[in-house]
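Examination of the molecular architecture
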Amino acid sequence: MSPKLDRLTELAKEDPKRQFFSIAHLITPEALYAAFGGLRKDASAGVDGITHEEYQKDAERNIRQLHQRLKDGKYQAQPLRRVYIPKEDGKQRPISIPSLEDKIVQKAMVEVLNAVYEQDFLNCSYGFRPGRGQHQALEEVGRVICTPISPLLLASWRHLPFSRCPMGFHP
């Protein structure tokens, strides 16, 4: 993470109610190049047909031009390429594939937004967070469910308002 994103993270931690009105300047050519480097090299091309390999041939110039279009307000996302992949039951599932430059901009923007909003999540939240996934969530659920509750702790819970507990837990 860049020092500017680190500072953004600090500010978001200090004041959870803080509003950020200007974060576009954090989408730098370096951030775009880092985002490009983080994309899958074998991913399908979007509607423009440009592959990672083709873009890489002149990546530095391509990234500079992309950044300039973003700064000038001239960048426009491309239409998505729709493809259908077969499902096990014989039906087909539609998926939409963005262009490579759209993927770059999206990935760079995700880094900035994560720096702001990651602070708001509880440690027990796993959905759509960097470095976390459904397997870790299931492991945590298993750990919590399989942890024995002491009778003393259970007795101290009796006075708490568990009627609002979403899982219907009543000690």
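Description of the structure in this document. Small disclaimer: the values here were computed from a predicted structure and weren't measured.

Re the overall build of the protein chain
Of regular secondary structure, the protein chain possesses seven helices and two strands. Each helix and strand of the protein chain, placed in order from N terminus to C terminus, yields the pattern α-α-α-α-β-β-α-α-α. The buried share among the 171 residues of the protein chain stands at 24%. Considering only intrachain contacts with a sequence separation of at least 6, the fraction spanning at least 24 residues in the protein chain is 53%. Element-wise, carbon and sulfur atoms account for 57% of the exposed surface of the protein chain, whose accessible area totals about 12,800 Å².

Comments concerning the packing of aromatic side chains
According to the stated counting rule, one finds two aromatic pairs in the structure shown. Relative to Tyr-55, the ring of Phe-36 lies with its centre 5.3 Å away and its plane at 50 degrees, an arrangement referred to as tilted. Here the residue Phe-36 occupies a position in helix 2 (residues 29-37), and Tyr-55 occupies one in helix 3 (residues 52-57), the gap between them amounting to 19 residues. On the basis of relative accessibility, which here comes to 1%, the residue Phe-36 falls in the buried class. Aromatic ring contacts, followed pair by pair, group Tyr-33, Phe-36 and Tyr-55 into a single cluster. Over the aromatic face of Tyr-126 sits the side chain of Arg-132, whose NZ or CZ is 5.0 Å from the ring centroid.

With respect to the pairing of strand 2 (residues 92-97)
As defined by bridge partners, strand 1 (residues 81-86) adjoins strand 2 across six bridges and the pair is classed as antiparallel. Paired with Arg-82 across the strands is Ser-96, a residue of strand 2. Hairpin connection between strand 1 and strand 2: a loop of five residues separates the two successive antiparallel strands, and Gly-90 in this loop has a positive phi of roughly 95 degrees.

Some remarks on the side chain of His-52
By the element assignment, His-52 lies in helix 3. For His-52, the residues in contact, after removing those within four places along its chain, are Phe-36, Leu-39, Arg-40, Lys-41 and Leu-100.

Remarks on the pattern of salt bridges
When charged atoms on two side chains of opposite charge get close, those side chains can pair. Within this structure, the stated rule accounts for seven salt bridges. Across the salt bridge formed by Arg-7 and Glu-10, the nearest N and O atoms sit 3.2 Å from each other. Within this pair, Arg-7 and its partner Glu-10 are both found in helix 1 (residues 3-14), separated by three residues, close to a single helical turn. Assessed through its relative accessible area of 41%, Arg-7 is described here as partly exposed. The salt bridge involving Asp-42 is made with Arg-40; its shortest N-O contact spans 3.1 Å.

What counts, and where the lines are drawn
Residues numbered from 1 in each chain as written. Predicted model: local features only at pLDDT ≥ 70, side-chain atom pairs only at ≥ 80, totals over all residues. Heavy atoms only, no water. Helix = DSSP H or I, 4+ residues; strand = E, 2+ residues; numbered from the N terminus. Buried < 20%, exposed > 50% of the residue type's maximum accessible area, 1.4 Å probe, protein only. Contact = heavy atoms within 4.5 Å. Areas by Shrake-Rupley, 256 points an atom, 1.4 Å probe, with all protein chains shown as cover. Phe/Tyr/Trp six-rings, centres within 6.5 Å; stacked < 30°, edge-to-face > 60°. Lys NZ or Arg CZ within 6 Å of the ring centre and 35° of its normal. Pairing = 2+ DSSP bridges. Salt bridge = Lys/Arg side-chain N within 4 Å of Asp/Glu carboxyl O.

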